[in-house]
Amino acid sequence: SRGRVLCDGLAGQRVPSARIHGNLGLSRALFDPSGRLTGLVDWEWSAQGPVFLDWCSLALSAVAVHSDQDIGGAAREMLEDPEVFRTRPGLARQALPEIDSRVLVLFTWLHTIVPLLRSAPEHGWGRYWMIRNVEQVLDHHRRHLAVAAP
């Protein structure tokens with residue numbers, strides 16, 4: 001079934017869990033003048049979680065910044081190129097190489113977007129925000145599944 005992509009992609013996998021940042025991105029990293037990482041801020045999403053989540057969140061953030069896109073555009077770009085972790089400089093695959101990159105990106109995107117959707121009304125985010133961050137990923141996902149479905 002189309003709704004089982006994440007379940008099927010993670011089924012049978014041993015996914016290590018640890019205390020994670022939960023919302024790691026370039027905007028939460030502090031660097032000294034030489035470019036060396038000196039700290040991370042905004043730990044309010046910190047919790048026990050899959051160890052790949054922080055790494056994939058950072059990769060998603062890097063693609064968004066590099067491509068000058070919102071999180072949805074970056075996720076769509078990464079979903080369109082399943083080899084993105086190998087073809088993009090700086091995104092060397094660190095997390096669970098046995099899991100399909102698209103599954104990791106989709107899981108990470110959902111983890112990021114769901115809390116934002118919950119707070120969208122209070123922030124006044126409307127249709128344009130939804131198109132940029134949600135609809136384009138879901139449209140890509142539907143097209144990919146239509147091609148892959150028997």
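The shown structure was predicted, so the numbers you read here are calculated from the model rather than taken from an experiment. (Residues numbered from 1 in each chain as written. Predicted model: local features only at pLDDT ≥ 70, side-chain atom pairs only at ≥ 80, totals over all residues. Heavy atoms only, no water.)

(A) Focus on the nonpolar core. In terms of nonpolar packing, the biggest core is built from 24 residues, with Leu-60, Ala-75, Met-78, Trp-109, Ile-113 and Val-137 touching the most fellow members. For this core, the secondary-structure elements that each account for two or more residues are helix H1 (5-10), helix H2 (52-67), helix H3 (71-80), helix H5 (101-123) and helix H6 (127-148). If you tally residues by element for this core, the top one is H2, at seven residues. (Core = buried A, V, L, I, M, F, W, Y, C linked by side-chain atoms within 4.5 Å. Buried < 20%, exposed > 50% of the residue type's maximum accessible area, 1.4 Å probe, protein only. Helix = DSSP H or I, 4+ residues; strand = E, 2+ residues; numbered from the N terminus.)

(B) Region of interest: the pattern of salt bridges. Here the structure, examined in full by the defined rule, presents three salt bridges. Among the ionic pairs, Asp-32 bridges to Arg-36, the shortest N-O distance being 3.2 Å. Taking relative accessible area as the criterion, Asp-32 reaches 18% and is therefore assigned buried. According to the relative accessible area criterion, Arg-36 is exposed, its value standing at 56%. Across the pair Arg-76 and Glu-80 runs a salt bridge, and its minimum N-O distance is 3.3 Å. Of the two residues, Arg-76 and Glu-80 are both situated in helix H3; the distance of four residues between them amounts to about one turn of the helix. (Salt bridge = Lys/Arg side-chain N within 4 Å of Asp/Glu carboxyl O.)

(C) Spotlight on H3. Across the 10 residues that make up H3, a large majority, seven, are buried. By the burial criterion, the buried members of H3 are Ile-71, Gly-72, Gly-73, Ala-74, Ala-75, Met-78 and Leu-79.

(D) Looking closely at the packing of aromatic side chains. One pass over the full model with this rule turns up one aromatic pair. Residues Phe-52 and Phe-107 carry aromatic rings whose centres are separated by 5.3 Å and whose planes lie at 65° to one another, so their mutual orientation is edge-to-face. Residue Phe-52 is located in helix H2, and its partner Phe-107 is located in helix H5; the two are separated by 55 residues in the primary sequence. A relative accessible area of 2% places Phe-52 in the buried class. A relative accessible area of 25% places Phe-107 in the partly exposed class. (Phe/Tyr/Trp six-rings, centres within 6.5 Å; stacked < 30°, edge-to-face > 60°.)

(E) Quick peek at unusual backbone geometry. With a phi angle near 60°, Asp-42 is a residue other than glycine that sits in the positive phi range. Tracing the backbone through its elements, the reader meets Asp-42 in the loop between strand S3 (37-40) and strand S4 (47-50). Judged by relative accessible area, which is 41%, Asp-42 ranks as partly exposed. Even without a glycine there, the phi angle at Asp-68 is positive, about 55°. Within the secondary structure, Asp-68 sits in the loop between H2 and H3.

(F) Fine view of the packing of H2 against H3. Taken N-terminus to C-terminus, the directions of H2 and H3 make an angle of 105°; their axes are 8 Å apart at the nearest point. Here H2 is positioned roughly perpendicular relative to H3, judged by the angle of their axes. Of the residues in H3, those touching H2 at Ala-59, Leu-60, Val-63, Ala-64 and Ser-67 are Ile-71, Ala-74, Ala-75, Glu-77 and Met-78. In terms of residue class, the contact of H2 with H3 is built from eight nonpolar, one polar and one charged. (Axes fitted to C-alpha atoms, helices over the stretch in contact; angles between N-to-C directions. Parallel < 35°, antiparallel > 145°, perpendicular 65-115°, else oblique. Contact = heavy atoms within 4.5 Å. Nonpolar A, V, L, I, M, F, W, Y, C, P; charged D, E, K, R; others polar.)

Read these as spatial facts, not as claims about activity.
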